[in-house]
Amino acid sequence: SNPKKEGSDSHKRWKKYAGSETIDEFYQSGGTREDLRHDISHGWLKMGEVNAEATSKSCADMAGATKLIWLRATCSNPKREGSDSHK
């Protein structure tokens, strides 16, 4: 389920970008740089392998070739139940 605060802009964006397979797809689906940073720092997402052919190309090519790995923490709200941040 969506771990973002219900009704927030990030909650709305999450619905669009969750499950993206690459960084490029993440951004095309409405995710922001801050969303990516936040989701990685909270352990909901991590970056995987980069296609070796893309490493000698531009940053845009690398974003399209960098796989995203969605972690199980996205299945539930990782914040302590009852805390303000859990709501």
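Everything below is about the structure shown above.
Residues numbered from 1 in each chain as written. Predicted model: local features only at pLDDT ≥ 70, side-chain atom pairs only at ≥ 80, totals over all residues. Heavy atoms only, no water.

Concerning the overall build of the protein chain
And then number 1: What the protein chain contains, in helices and strands, is 4 helices and 2 strands.
And then number 2: N-terminal to C-terminal, the α/β element order of the protein chain is α-α-α-β-α-β.
And then number 3: Residue pairs at least 24 apart in sequence account for 47% of intrachain contacts in the protein chain once pairs closer than 6 positions are excluded.
And then number 4: For the protein chain, the exposed area adds up to about 5800 Å²; of that, 49% sits on carbon and sulfur atoms. (Helix = DSSP H or I, 4+ residues; strand = E, 2+ residues; numbered from the N terminus. Contact = heavy atoms within 4.5 Å. Areas by Shrake-Rupley, 256 points an atom, 1.4 Å probe, with all protein chains shown as cover.)

So, the packing of aromatic side chains
And then number 1: In the structure shown here, the tally under the stated rule is 6 aromatic pairs.
And then number 2: Look at Trp14 and Trp70: their rings are 5.5 Å apart centre to centre, the planes differ by 90°, and that puts the pair in the edge-to-face class. Taken together, the residues Trp14 in helix H1 (residues 9-17) and Trp70 in strand S2 (residues 66-70) connect sequence positions 56 residues apart.
And then number 3: On the accessibility criterion, Trp14 (6% relative accessible area) is buried.
And then number 4: Its relative accessible area of 22% is what places Trp70 among the partly exposed residues.
And then number 5: Each ring, one from Phe26 and one from Tyr27, has its centre 5.7 Å from the other, and the planes form 75°; the classification is edge-to-face.
And then number 6: Under the relative-accessibility criterion, Phe26 is labelled buried at 0%.
And then number 7: An aromatic cluster is built from Trp14, Tyr17, Phe26, Tyr27, Trp44 and Trp70, whose rings are joined through pairwise contacts. (Phe/Tyr/Trp six-rings, centres within 6.5 Å; stacked < 30°, edge-to-face > 60°. Buried < 20%, exposed > 50% of the residue type's maximum accessible area, 1.4 Å probe, protein only.)

Some thoughts on helix H3 (residues 33-41)
Turn by turn, an α-helix covers 3.6 residues, leaving residues three or four places apart pointing in a common direction.
And then number 1: If you check which residues of H3 are buried, you get Asp35, Leu36 and Asp39. In a view along the axis of H3, the buried residues occupy a sector of 100°, so they form one face of it. For H3, the exposed residues lying more than 90 degrees away from the buried face are Arg33 and Ser41.
And then number 2: At its buried positions, H3 is contacted by H1, helix H2 (23-28), strand S1 (45-50) and S2.
And then number 3: Two residues or fewer past H3, Gly43 is found with a positive phi of approximately 75°. (Arc of directions from axis to C-beta.)

Some points on the pattern of salt bridges
And then number 1: What the rule picks out here adds up to 3 salt bridges.
And then number 2: A salt bridge links Asp39 to Lys4, with the shortest nitrogen-to-oxygen separation between them at 2.7 Å. Note that Asp39 is positioned in helix H3 and Lys4 in the segment before H1, a separation of 35 residues in sequence. Accessibility assignment for this pair places Asp39 and Lys4 in one class, buried.
And then number 3: The partner of Arg37 in a salt bridge is Glu34, with the nearest N and O atoms 3.7 Å apart. Pair noted here: Arg37 and Glu34 are both in helix H3, with a separation of 3 residues, about one helical turn.
And then number 4: For Glu34, a relative accessible area of 47% gives the class partly exposed. (Salt bridge = Lys/Arg side-chain N within 4 Å of Asp/Glu carboxyl O.)

Everything listed here is a matter of coordinates, which is why it stays silent on function.
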